[in-house]
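Listed here are the chains, written in short residue letters.
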Amino acid sequence: MRFVLEISWRIQEPLRITLKMRKCRESARKRDAGKVASVERDRKPGPRWTLGIAYALFFLAYGVTIALWAEPRVQFFGRPAAFYFDERFLRSFLIWPGGIAEFLSRGLHQCYQFTWLGVAITSTLAGFLALGSWLLLRKIGPGAAGVLCLWPSLGVLAIQRQYEFPWLETGLGLTGAVWLAVAYVGMPSKKPWLRLLVFLGISLPAYAVLAGAYLVFALYCGLLEMLAWRRYWLALALWCVAASIPVVGAWYFALHLPDAYLLLLPFGLGHFPIVMAMLPYAALLLAMLVKAGRPFFHSGSDNPKLKSGAQPHFNWRRLVEPALSILLAVGAVGLGWNSMAQRLARIQCLSHDREWNSVLREAQLLSAYNPSTIAQVNRALCETGRLPYEMFAYPQK
């Protein structure tokens, strides 16, 4: 039982406003009934299973695209990486920030010798990214995340054909950053000083494991503090702490300080091309901003009170998010096309499989060669008995 103060007013002639105040009692049953009615009123009708089917179709298409467009077996031979189940080999990765993430990426990279296993790993990684993004985006503004949670998965798709780029390490780092941010925003305590202390406790081990991806985690946490809870000073404090963590990391791992701030950034000097390196991390950032701006895109009532016989007007702003998603998907495929790097990697794969005629067919489509490709082409000519006759039909330097 609680007391509620009710205030009513009315305008009378001449211009005069009369206020009436009275105190009444409201029972717990009535209060709970009001809450239930409010929730039912705000809930929009529509079958939830349709969204689940849409997600399932998306990841089915995602796996098919990885199998046919990125070719996991070609990815394996395009960027060969050694891996050993050896304690000495593991210790060699513990002497610099991000070594654990690189060790895990090298281990998973060996699975890409098998197309089905590579598709399963990449699709699972994309699924964890989508789920973590959904958990973060639901904290920002009203409404569900919708298709926005799929944007980071599309960003990861864009780098799949960058065969010389550490695409798997980038995907693992981004997934780790997203789920660390999920753990941070899911803290039950909302006290700013306690959240800052928890962030500080997470920072050092996170930087040791993820290196540059830790800074992305800090960026997500600060942005969520701003957009979800309007705690601007706490967001600024998180970013200041994150900017100082590489100094501690450089001291602990005995690194040069410029290397900690340049080479170990997720899109620093050690990665290329720069646009491909930034796209996976920027996709969730853009999704957060779009989700925060959703009240503008969806302004106006979805069920306006219309006169009898009037037809509801079409709100074109509701098409902004699907249009941006389609644009991002097309851009991911377009920016990540890189057919030349794929042919160079495919030649290495075909040479390993001893498909020499296919090697020569791929070599005829190349406009640039590297020493490894020249060696494989000459080997294919030798194996097919065409070396004395067609050797100089292919570049030799």
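Predicted, not measured: the structure shown is a model, and the values here were computed from it. (Residues numbered from 1 in each chain as written. Predicted model: local features only at pLDDT ≥ 70, side-chain atom pairs only at ≥ 80, totals over all residues. Heavy atoms only, no water.)

## Section: the overall build of the chain
Of the regular secondary structure elements, the chain holds 19 helices and two strands. The 397 residues of the chain split such that 40% are buried. Restricting to contacts in the chain with at least 6 residues of sequence separation, those with at least 24 account for 66%. (Helix = DSSP H or I, 4+ residues; strand = E, 2+ residues; numbered from the N terminus. Buried < 20%, exposed > 50% of the residue type's maximum accessible area, 1.4 Å probe, protein only. Contact = heavy atoms within 4.5 Å.)

## Re the pattern of salt bridges
Opposite charge on two side chains permits pairing when their charged atoms draw close. Within this structure, the stated rule accounts for ten salt bridges. Residue Glu-71 pairs with Arg-346 through a salt bridge whose shortest N-O separation is 2.5 Å. Placement of the pair is Glu-71 in the loop between helix H2 (49-70) and helix H3 (72-78) and Arg-346 in helix H16 (residues 339-352), with a sequence separation of 275 residues. In terms of burial, Glu-71 and Arg-346 fall into one category: buried. Measuring nitrogen to oxygen at the nearest pair gives 3.8 Å for the salt bridge that ties Arg-354 to Glu-383. With a gap of 29 residues between them, Arg-354 in the loop between H16 and helix H17 (356-363) and Glu-383 in helix H18 (residues 371-383) connect regions that are remote in the sequence. Looking at Glu-383, the relative accessible area reads 42%, which means it is partly exposed. Through salt bridges that share partners, Glu-71, Arg-343, Arg-346 and Glu-362 make up one connected network. (Salt bridge = Lys/Arg side-chain N within 4 Å of Asp/Glu carboxyl O.)

## Some remarks on empty space enclosed by the protein
Evaluated as defined, the whole model comprises one cavity of 30 Å³ or more. By volume, the largest cavity is sized at about 30 Å³. Forming the walls of the largest cavity are Tyr-112, Thr-122, Leu-125, Val-156, Gln-160, Trp-167 and Leu-168. Those elements that provide at least two residues to the lining of the largest cavity are helix H6 (115-137) and helix H8 (167-185). Considered class by class, the residues forming the lining of the largest cavity number five nonpolar, two polar and no charged. (1 Å grid on protein atoms, 1.4 Å probe; cavity = no way out; pocket = protein on both sides within 12 Å on 5 of 7 lines; lining within 4 Å. Points joined across faces, edges and corners; volume = space filled by probe spheres on them. Nonpolar A, V, L, I, M, F, W, Y, C, P; charged D, E, K, R; others polar.)

## Things to note about the packing of aromatic side chains
Under the defined criterion, the tally for this structure stands at 20 aromatic pairs. Each ring, one from Phe-89 and one from Phe-93, has its centre 4.9 Å from the other, and the planes form 70°; the classification is edge-to-face. Taking relative accessible area as the criterion, Phe-89 reaches 13% and is therefore assigned buried. Pairwise contacts between aromatic rings join Phe-83, Tyr-84, Phe-85, Phe-89, Phe-93, Trp-96 and Phe-103 into one cluster. Cation over ring: Arg-195 sits above Tyr-184, and NZ or CZ is 4.7 Å from the ring centre. Lying across the ring of Trp-229, Arg-195 places its NZ or CZ 5.1 Å from the centre. (Phe/Tyr/Trp six-rings, centres within 6.5 Å; stacked < 30°, edge-to-face > 60°. Lys NZ or Arg CZ within 6 Å of the ring centre and 35° of its normal.)

## Some words on the nonpolar core
With 73 residues, the main nonpolar core has Leu-136, Tyr-184, Phe-199, Tyr-214, Phe-217, Tyr-220 and Met-288 as its most contacted residues. Dropping the residues within four chain positions of it, Leu-136 is found in contact with Val-178, Ala-181, Val-182, Val-185, Leu-224, Leu-284 and Met-288. Counting residues in each nonpolar core, the second largest holds twelve residues, with Ile-347, Leu-350, Val-359 and Leu-366 among its members. (Core = buried A, V, L, I, M, F, W, Y, C linked by side-chain atoms within 4.5 Å.)

## A word on unusual backbone geometry
Even without being a glycine, Glu-71 presents a positive backbone phi close to 55°. In the Ramachandran plot, Ala-254 falls in the positive-phi region, its phi being about 60° despite a non-glycine side chain. Structurally, Ala-254 is set in the loop between helix H11 (232-252) and helix H12 (257-262).

## Let's talk about helix H9 (residues 192-210)
Structurally, the α-helix is built with 3.6 residues per turn, so residues lying three or four positions apart point the same way. The terminal C-alpha atoms of H9 lie 25 Å apart, and with 19 residues this matches the ideal 27 Å at 1.5 Å per residue to within 8%. All of the buried residues in H9 are Arg-195, Phe-199, Ile-202, Ser-203, Ala-206, Tyr-207 and Leu-210. Packed against the buried residues of H9 are H8, helix H10 (213-229), H11 and H12. Just beyond H9, the residue with positive phi is Ala-211, at close to 60°. (Expected span 1.5 Å × (residues − 1).)

## A few points about a nonpolar patch on the surface
Residues Trp-49, Ile-53, Leu-57, Leu-60, Val-64 and Leu-68 make up a contiguous nonpolar surface patch of about 670 Å² in total accessible area. With respect to the helices, strands and loops of the structure, Val-64 is situated in helix H2. (Patch = residues over 30% accessible without salt bridge, like charges linked within 9 Å, V, L, I, M, F, W, Y side chains within 5 Å. Areas by Shrake-Rupley, 256 points an atom, 1.4 Å probe, with all protein chains shown as cover.)

## Quick word on the environment of Met-288
Relative to the assigned elements, Met-288 resides in helix H13 (residues 274-292). Taking C-alpha positions, Met-288 is 8.9 Å from Tyr-220, a pair spaced 68 residues apart along the chain.

## Points about the confidence of the model for the chain
It should be kept in mind that the predicted coordinates are not to be read in detail where pLDDT is low. Averaged over every residue, the pLDDT of the chain is 81; the share at 70 or more is 80%. Per-element confidence in the chain ranges from a low mean pLDDT of 45 for helix H1 (residues 28-42) to a high of 95 for H6. Counting contacts from residues 2-7, a segment whose pLDDT is below 50, to residues more than four positions away or on other chains yields 19 contacts. Under a pLDDT of 50 for its full length, residues 304-308 has, in the predicted model, three contacts with residues more than four places off or in other chains. (pLDDT = per-residue confidence, 0-100.)

## Examining the packing of H2 against helix H7 (residues 151-158)
Angle between the axes and distance between the axes: these two values describe a pair of packed helices. Two numbers describe how H2 lies on H7: the axes approach to 12 Å, and their chain directions differ by 5°. Taken together, the axis directions place H2 and H7 in an arrangement best described as roughly parallel. Within the contact between the two elements, H2 uses Phe-58, Phe-59, Tyr-62, Thr-65, Ile-66 and Trp-69 and H7 uses Ser-153, Leu-154, Val-156 and Leu-157. Grouping the constituent residues of the contact of H2 with H7 by class yields eight nonpolar, two polar and no charged. (Axes fitted to C-alpha atoms, helices over the stretch in contact; angles between N-to-C directions. Parallel < 35°, antiparallel > 145°, perpendicular 65-115°, else oblique.)

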